[in-house]
Amino acid sequence: MIGSDILKVDMFLNHQIDVKLLNDIGKEFRRVFSGIRPDKILTIEASGIGIACIAAQYFDNIPVVFAKKGAHRNVGSNLYYSDVFSYTKGVTCTIGVSKDYLHAGEKILIIDDFLAKGGAVLGLKDIIEQAGAQLCGVGIVIEKGFQDGGEKLRRMGINVQSLAVVQSMRDGKISFGKGSR
């Protein structure tokens, strides 16, 4: 924990990765979204990629597409773009997904590691809408329930399922709340 709003999980989730834990997370996302048959999983680089790839195995090995941050010459200009504010980094960046990988009519499941203010999900949702695809759910490993992202997305009618909800981080202690399921 860094302060009262940054949860440090780099020892198992987003720097060093506990593959067994990610495998269990992938199985749990499949269970939580059992009534949904997405065509693809969409995430954002970099921390969501490993989680999304492992989860994809449990959704009949559907493709994983990830939004790249910033400009990349190897992708070209045939992209859907959106601007996203990163709460952790405190900056806005442009993300992009090649138009070759998202198509009209596809059902897209977003999977990511954290949900704080909802900026990443809203940016990915924007890209999905630009493609004419349909957002069918959002799977989050850790939601910061003391911030308004999850509440805001749910008020928009988005099916957000968080595996762990942190209600507060004070005085070196983390309080967990009831999950969104």
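Residues numbered from 1 in each chain as written. Predicted model: local features only at pLDDT ≥ 70, side-chain atom pairs only at ≥ 80, totals over all residues. Heavy atoms only, no water.

Broken down by element type, the protein carries five helices and eight strands. Every one of the 181 residues in the protein was classed for burial, and the buried ones make up 43%. For the protein, the share of sequence-separated contacts (at least 6 apart) that also reach a separation of at least 24 residues comes to 61%. Accessible surface computed for the protein: about 9,100 Å², of which carbon and sulfur atoms make up 50%. (Helix = DSSP H or I, 4+ residues; strand = E, 2+ residues; numbered from the N terminus. Buried < 20%, exposed > 50% of the residue type's maximum accessible area, 1.4 Å probe, protein only. Contact = heavy atoms within 4.5 Å. Areas by Shrake-Rupley, 256 points an atom, 1.4 Å probe, with all protein chains shown as cover.)

On inspection of all chains with the given rule, the structure shows one aromatic pair. Relative to F33, the ring of F29 lies with its centre 6.5 Å away and its plane at 35 degrees, an arrangement referred to as tilted. In this structure F29 comes out as buried when scored by relative accessible area, which is 0%. (Phe/Tyr/Trp six-rings, centres within 6.5 Å; stacked < 30°, edge-to-face > 60°.)

As a further point, take the side chain of E106. Among the secondary structure elements, E106 is positioned in the loop between β4 (91–98) and β5 (107–115). A distance of 2.8 Å separates a polar side-chain atom of E106 from the backbone nitrogen of H103. (Polar contact = N/O pair within 3.5 Å; in protein donor to acceptor, adjacent residues only side chain to side chain.)

This part takes up the nonpolar core. Counting 23 residues, the largest nonpolar core has L42 and L102 as the members making the most contacts within it. Where this core is concerned, the elements lending two or more residues are β1 (40–44), β2 (64–69), β3 (79–86), β4, β5, α4 (119–131) and β6 (134–144). The residues contacting L102, other than those within four sequence positions of it, are K40, L42, Y80, V97, I108, I127 and A131. Membership of the second largest hydrophobic core comes to 21 residues, among which are V32, I51, I111 and I142. (Core = buried A, V, L, I, M, F, W, Y, C linked by side-chain atoms within 4.5 Å.)

Here we come to the side chain of T43. Positionally, T43 belongs in strand β1. There is a polar contact of 2.6 Å between the side chain of T43 and the backbone oxygen of I111. The residues touching T43, leaving out its near neighbours within four places in the chain, are G48, I49, A52, V64, V65, F66, A67, I111, D112 and L124.

On to the packing of helix α2 (residues 19–32) against helix α3 (residues 47–57), then. The geometry of α2 relative to α3 is characterised by a closest axis approach of 8 Å and an angle of 55 degrees between their N-to-C directions. Taken as axis vectors, α2 and α3 run oblique relative to one another. The way α2 lies across α3 gives a crossing that is right-handed. Across the interface between the two elements, V19, L22, N23, I25, G26 and F29 from α2 touch G50, I51, I54, A55 and Q57 from α3. Broken down by class, the residue content of the contact of α2 with α3 amounts to seven nonpolar, four polar and no charged. (Axes fitted to C-alpha atoms, helices over the stretch in contact; angles between N-to-C directions. Parallel < 35°, antiparallel > 145°, perpendicular 65-115°, else oblique. Left-handed = near helix turned anticlockwise from the far one by under 90°. Nonpolar A, V, L, I, M, F, W, Y, C, P; charged D, E, K, R; others polar.)

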